[in-house]
Amino acid sequence: SQPSCKVWPRLVIVEGIMGSGKSTAVLGIADRLKASGISALGITEGAHPHPIRFDWDLPWASVPAAEIADASVKRWMDFAGRAASSGTISIADGQLFHGNLTSLFLLEADMDLMRGYVNSIAATIAPLHPFLIYFHQDDVDQAIRAIATERGDPWVQYQVDWKLGSPYARRRGLKGIDGLVDLYRDYRRLTDELYAGLNIRKISIENSSREWSRYDTMIDRCLARPEVPPV
């Protein structure tokens, strides 16, 4: 069962693996809220400067995982402070899992560090009454290959060059699109576990069928009527 939406959220986070529809959902939620007369801001991954993400442009393993975690939590604290005094609902593309947690995973940070990192963020944003939307796909293999086909070979090569150059992938000998699929199976196991342990309002939506109007209805039902639990 899902928790009741009793308090209007000041922060909505949309999570999921790459290509799961996070950015589209973020912009759609923001547009629908604004059309209803509610001040809303969609924060996509490409926002520059990004108000939440801690950016580091250095070779893998040159920045310790604990340092990335600390810097990222600090960014969240600064963001939460600004958001608390704003009348705007922020809708964020990832940044709880997708973003710096992905970097921690690829750097082979230990589970205690990653769990503590996510729990620290959850505590930081608690005053914003966050609502987490978690897009997942039962078949990760199919989901990754579908987005790879949709976005084409240059995008696949970019992802392979970046993520499979990480300590996590190199140690396991992951290569090519098959390696990318294997990596995301492992990553999804991590985020599934972290999602299950989070004590915040949340909804998990299996969105492989891409029935966006149905998913939008599920999300809007909670946002528009905070006392109504999502289905």
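One structure accompanies this document, and this report is about it. (Residues numbered from 1 in each chain as written. Predicted model: local features only at pLDDT ≥ 70, side-chain atom pairs only at ≥ 80, totals over all residues. Heavy atoms only, no water.)

1. Topic: helix H4 (residues 111–125)
What counts, and what does not: Going along the chain from the N terminus, every DSSP run of H or I of four or more residues is numbered as a helix, and every run of E of two or more is numbered as a strand. Given a helix with a known number of residues, its expected span is that number minus one, times 1.5 Å. Think of it in three bands: residues with accessible area under 20% of the maximum for their type are buried, residues over 50% are exposed, and the middle band is partly exposed, with areas taken using a 1.4 Å probe on protein chains only. The arc in question is traced by the directions running from the helix axis to the C-beta atoms. Contact criterion: two residues are considered in contact whenever any of their non-hydrogen atoms come within 4.5 Å of each other. Pairs of N or O atoms within 3.5 Å make up the polar contacts considered here, provided that, within protein, one atom can donate a hydrogen while the other can accept it, and that residues adjacent in sequence are counted only when both atoms are side-chain atoms.
Taking 1.5 Å of rise per residue, the 15 residues of H4 would be expected to cover 21 Å, and the 21 Å separating its terminal C-alpha atoms lies within 8% of that figure. The set of residues buried in H4 consists of Met114, Tyr117, Val118, Ile121, Ala122, Thr124 and Ile125. An end-on view of H4 places all buried positions within 165 degrees of arc, on one side of the element. In this structure, H4 carries Asp112 and Ala123 as exposed residues pointing more than 90 degrees from its buried face. On its buried face, H4 is in contact with strand E1 (11–15), helix H2 (65–84), helix H3 (100–106) and helix H8 (176–197). For H4, the capping residue at the N-terminal end is Asp110, with a side-chain oxygen 3.1 Å from the backbone nitrogen of Asp112.

2. Thoughts on the pattern of salt bridges
Short version of the rule: One speaks of a salt bridge when a side-chain nitrogen belonging to Lys or Arg is within 4 Å of a carboxyl oxygen belonging to Asp or Glu.
In this structure the tally under the stated criterion is 15 salt bridges. For Asp112, the salt bridge goes to Arg115, with nearest N and O atoms at 3.5 Å. Placement of the pair is Asp112 and Arg115 together in helix H4, with a separation of 3 residues, close to one helical turn. Owing to a relative accessible area of 60%, Asp112 belongs among the exposed residues under this scheme. Ionic pairing is found between Asp141 and Arg185, a salt bridge with its closest N-O pair at 3.0 Å.

3. Some details on the packing of aromatic side chains
As a reminder, the rule being used: Think of it this way: a Phe, Tyr or Trp ring, Trp meaning its six-membered ring, pairs with another when their centres are within 6.5 Å, and the plane angle makes it stacked under 30 degrees, edge-to-face over 60, tilted otherwise. A ring has a charge above it when a Lys NZ or an Arg CZ is no more than 6 Å from the ring centre and no more than 35 degrees off the ring normal.
This structure, assessed with the given rule, holds 10 aromatic pairs. Seen in terms of ring centroids, Trp212 and Tyr215 are 5.3 Å apart; in terms of plane orientation they differ by 90 degrees. Their pairing is edge-to-face. In this pair, Trp212 and Tyr215 both sit in helix H9 (residues 212–224), 3 residues apart, roughly one turn of the helix. Taking the relative accessible area as the measure of exposure, Trp212 reaches 23% and is therefore partly exposed. The positively charged end of Arg172 is found above the aromatic ring belonging to Tyr168, 3.5 Å away from the centroid.

4. Comments concerning the packing of H4 against H8
Applied cut-off: Angles here are taken between N-to-C directions and fall from 0 to 180 degrees, while the axes themselves are lines fitted to C-alpha atoms, restricted in helices to the stretch in contact. Under this scheme an angle from 65 to 115 degrees is roughly perpendicular, one under 35 degrees roughly parallel, and one over 145 degrees roughly antiparallel; angles in between are oblique. Note: crossing handedness is left-handed where the near helix turns anticlockwise from the far helix by less than a right angle, and right-handed where it turns clockwise. Any residue that is not Ala, Val, Leu, Ile, Met, Phe, Trp, Tyr, Cys, Pro, Asp, Glu, Lys or Arg is counted as polar, Gly included; the first ten are nonpolar and the last four charged.
At a minimum axis separation of 11 Å, H4 and H8 run at an interaxial angle of 50 degrees. Here H4 lies oblique to H8, going by the angle between them. Seen along the crossing, H4 lies across H8 with a hand that is right-handed. For the pair H4 and H8, the contacting residues are Met111, Met114, Arg115 and Val118 in the first and Leu190, Glu193 and Leu194 in the second. Of the residues belonging to the contact of H4 with H8, the class tally is 5 nonpolar, no polar and 2 charged.

5. Concerning the layout of surface pockets
Here is the rule we go by: Only protein atoms enter the calculation, which uses a 1 Å grid: trapped sets of points that fit a 1.4 Å probe without letting it out are cavities, open sets showing protein on both sides within 12 Å along at least five of seven lines are pockets, and any residue with an atom within 4 Å of a point is a lining residue. Grid points are joined across faces, edges and corners, and a volume is the space filled by probe spheres set on the points.
In this structure, the largest pocket encloses a volume near 760 Å³. Those elements that place two or more of their residues in the lining of the largest pocket are helix H1 (22–35), H3, helix H5 (140–151) and helix H6 (153–163). No other element matches H6, which puts 5 residues into the lining of the largest pocket. Residues of the lining of the largest pocket, tallied by class, amount to 10 nonpolar, 12 polar and 9 charged. As a volume, the second largest pocket reaches approximately 200 Å³. Taken together, 15 residues make up the lining of the second largest pocket; nearest its centre are Gln137, Ala143, Ala146, Ser208 and Arg210.

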